[in-house]
Amino acid sequence: MPQYHLIYFDARGRGELSRWLLEYGEIPYTEERISFGDWSVRKQTVPTGKVPILMIDGQPLAQSLAIARYLAKEVGLMPKDHLQAAFADALADSIAEMMAAFYKNKMSSLAEDEKEKKFHEEITPTIIRPLLGDLNERLAGRSWYASDQMSWVDLMIAVEFGGLRKSYPKLLDDFPEVAAHVDKAMALPSIKAWINRRPDTFI
Ligand SMILES: N[C@@H](CCC(=O)N[C@@H](CS)C(=O)NCC(=O)O)C(=O)O
């Protein structure tokens, strides 16, 4: 098995899905958790100047979704059927777009109350709730999002909406299928153990 070393901030953010996949597969890995204060210096030496980076036997793999797809294949969470894999990709892209809007606001230079206002008045009604509505409908009568077996995008949905629900506890109240899905994924033994021992970070 290759040696894995994940470089990311001391945060869940775009690194957390990779951690879930590694934990799910019980794959040994080491981590560098960069503090936000150290980033401007560390950025100079990180390949591509962006994180996450997964070092695989010393080779850097960039882009959180490329890392996730690679790990999904390694741990058996990539649908074998090409169309089902494409359904997973499409959902992942929608969720990544939503999270990009969330991070852009969260990491902006706006005052905290302005960020909250923008989150509740712009991002939630125009981006998050429409996506939640779609995700809630898609799950009616089925167990998993992309195929009849759990796939990596099921974990992604739980990572991202579980993370948002941590900050905004009522966010999923109108979307019971999504809430139940998040709870189901978080109750997987290896994921539950990780959530219980992971560092408690703000994002
Ligand atoms: N599309 C990339 C985005 C990478 C990205 O923007 N990472 C952020 C952290 S989530 C970053 O490195 N920010 C610091 C910077 O750009 O200097 C991915 O999904 O990995």
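As the structure is a computational prediction, the values presented were derived from the model and not from experiment.

## Describing the side chain of serine 18
Okay, so step 1: In this fold, serine 18 is placed in helix α1 (residues 16-24).
Okay, so step 2: Note on serine 18: relative accessible area 1%, which makes it buried.
Okay, so step 3: Once residues within four sequence positions are removed from consideration, serine 18 is found in contact with Leu6, Ile67 and Leu71.

## Some remarks on the layout of surface pockets
Okay, so step 1: There is about 550 Å³ of room inside the largest pocket.
Okay, so step 2: Lining the largest pocket are 22 residues, with Tyr8, Phe9, Arg14, Lys50 and Val51 positioned closest to its centre.
Okay, so step 3: Of all the secondary structure elements, the ones that give two or more residues to the lining of the largest pocket are β1 (4-9), α3 (64-75) and α4 (82-106).
Okay, so step 4: Looking at which element gives the most residues to the lining of the largest pocket, the answer is α4, with 3 residues.
Okay, so step 5: Taken together, the residues of the lining of the largest pocket break down into 13 nonpolar, 5 polar and 4 charged.
Okay, so step 6: Residues from two domains meet in the lining of the largest pocket; each of domain 1 (4-76 + 190-197) and domain 2 (82-187) gives at least three.
Okay, so step 7: The space that makes up the second largest pocket amounts to roughly 160 Å³.
Okay, so step 8: When residues of the lining of the second largest pocket are traced back to their parent elements, those giving at least two are α1, α3, α4 and α6 (152-167).
Okay, so step 9: Counting residues per element, the lining of the second largest pocket draws most heavily on α4, which supplies 4 residues.
Okay, so step 10: Of the residues that constitute the lining of the second largest pocket, the class distribution is 8 nonpolar, 3 polar and 2 charged.
Okay, so step 11: Split by domain, the lining of the second largest pocket shows at least three residues from each of two domains, domain 1 (4-76 + 190-197) and domain 2 (82-187).

## Overview of the domain arrangement of the chain
Okay, so step 1: Annotation of the chain at the domain level lists domain 1 (4-76 + 190-197) and domain 2 (82-187).
Okay, so step 2: When each unit is reduced to the centre of its C-alpha atoms, the spacing between domain 1 and domain 2 is 20 Å.
Okay, so step 3: The interface of domain 1 with domain 2 comprises 16 residues on the first partner and 19 residues on the second.
Okay, so step 4: Where domain 1 abuts domain 2, roughly 1,500 Å² becomes buried across the two surfaces, and 73% of that area is made up of carbon and sulfur atoms.
Okay, so step 5: On the domain 1 side of the contact with domain 2, Leu17, Trp20 and Arg69 bury the most area, a combined 34% of that side's loss.
Okay, so step 6: One can count 1 salt bridge joining domain 1 with domain 2.
Okay, so step 7: Two residues, arginine 69 and aspartate 89, come together in a salt bridge whose shortest N-O distance is 2.8 Å.

## Regarding the environment of histidine 181
Okay, so step 1: Position of histidine 181 among the secondary structure elements: in helix α7 (residues 176-186).
Okay, so step 2: Accessibility expressed as a relative area gives 2% for histidine 181, which makes it buried.
Okay, so step 3: As a C-alpha pair, histidine 181 and tyrosine 145 span 36 residues in sequence and 9.5 Å in three-dimensional space.
Okay, so step 4: Excluding residues that lie within four positions of it along the chain, histidine 181 makes contacts with Leu139, Ser143, Trp144, Tyr145, Asp154 and Ile157.

## Some thoughts on the pattern of salt bridges
Okay, so step 1: Going through the model one piece at a time under the given rule, you end up with 14 salt bridges.
Okay, so step 2: Of the charged contacts, one joins glutamate 16 and arginine 19 as a salt bridge, the two residues approaching to 2.9 Å between their closest N and O atoms. Placement of the pair is glutamate 16 and arginine 19 together in helix α1, with a separation of 3 residues, close to one helical turn. Judged on exposure class, the residue glutamate 16 and its partner arginine 19 are both buried.

## A look at empty space enclosed by the protein
Okay, so step 1: Evaluation of the coordinates by the stated rule reveals 3 cavities of 30 Å³ or more.
Okay, so step 2: Estimates place the volume of the largest cavity at around 130 Å³.
Okay, so step 3: As for the largest cavity, its lining consists of 14 residues, of which Arg12, Met99, Gly163, Leu164 and Ile203 are closest to the centre.
Okay, so step 4: Elements represented by at least two residues in the lining of the largest cavity include exactly α4 and α6.
Okay, so step 5: With 5 residues, the single largest contributor to the lining of the largest cavity is α6.
Okay, so step 6: Both domains that meet at the lining of the largest cavity, namely domain 1 (4-76 + 190-197) and domain 2 (82-187), each give it at least three residues.

Parameters and conventions
- Residues numbered from 1 in each chain as written.
- Predicted model: local features only at pLDDT ≥ 70, side-chain atom pairs only at ≥ 80, totals over all residues.
- Heavy atoms only, no water.
- Helix = DSSP H or I, 4+ residues; strand = E, 2+ residues; numbered from the N terminus.
- Buried < 20%, exposed > 50% of the residue type's maximum accessible area, 1.4 Å probe, protein only.
- Contact = heavy atoms within 4.5 Å.
- 1 Å grid on protein atoms, 1.4 Å probe; cavity = no way out; pocket = protein on both sides within 12 Å on 5 of 7 lines; lining within 4 Å.
- Points joined across faces, edges and corners; volume = space filled by probe spheres on them.
- Nonpolar A, V, L, I, M, F, W, Y, C, P; charged D, E, K, R; others polar.
- Domains from an automatic or database assignment.
- Buried area = accessible area lost by both parts, 1.4 Å probe.
- Salt bridge = Lys/Arg side-chain N within 4 Å of Asp/Glu carboxyl O.

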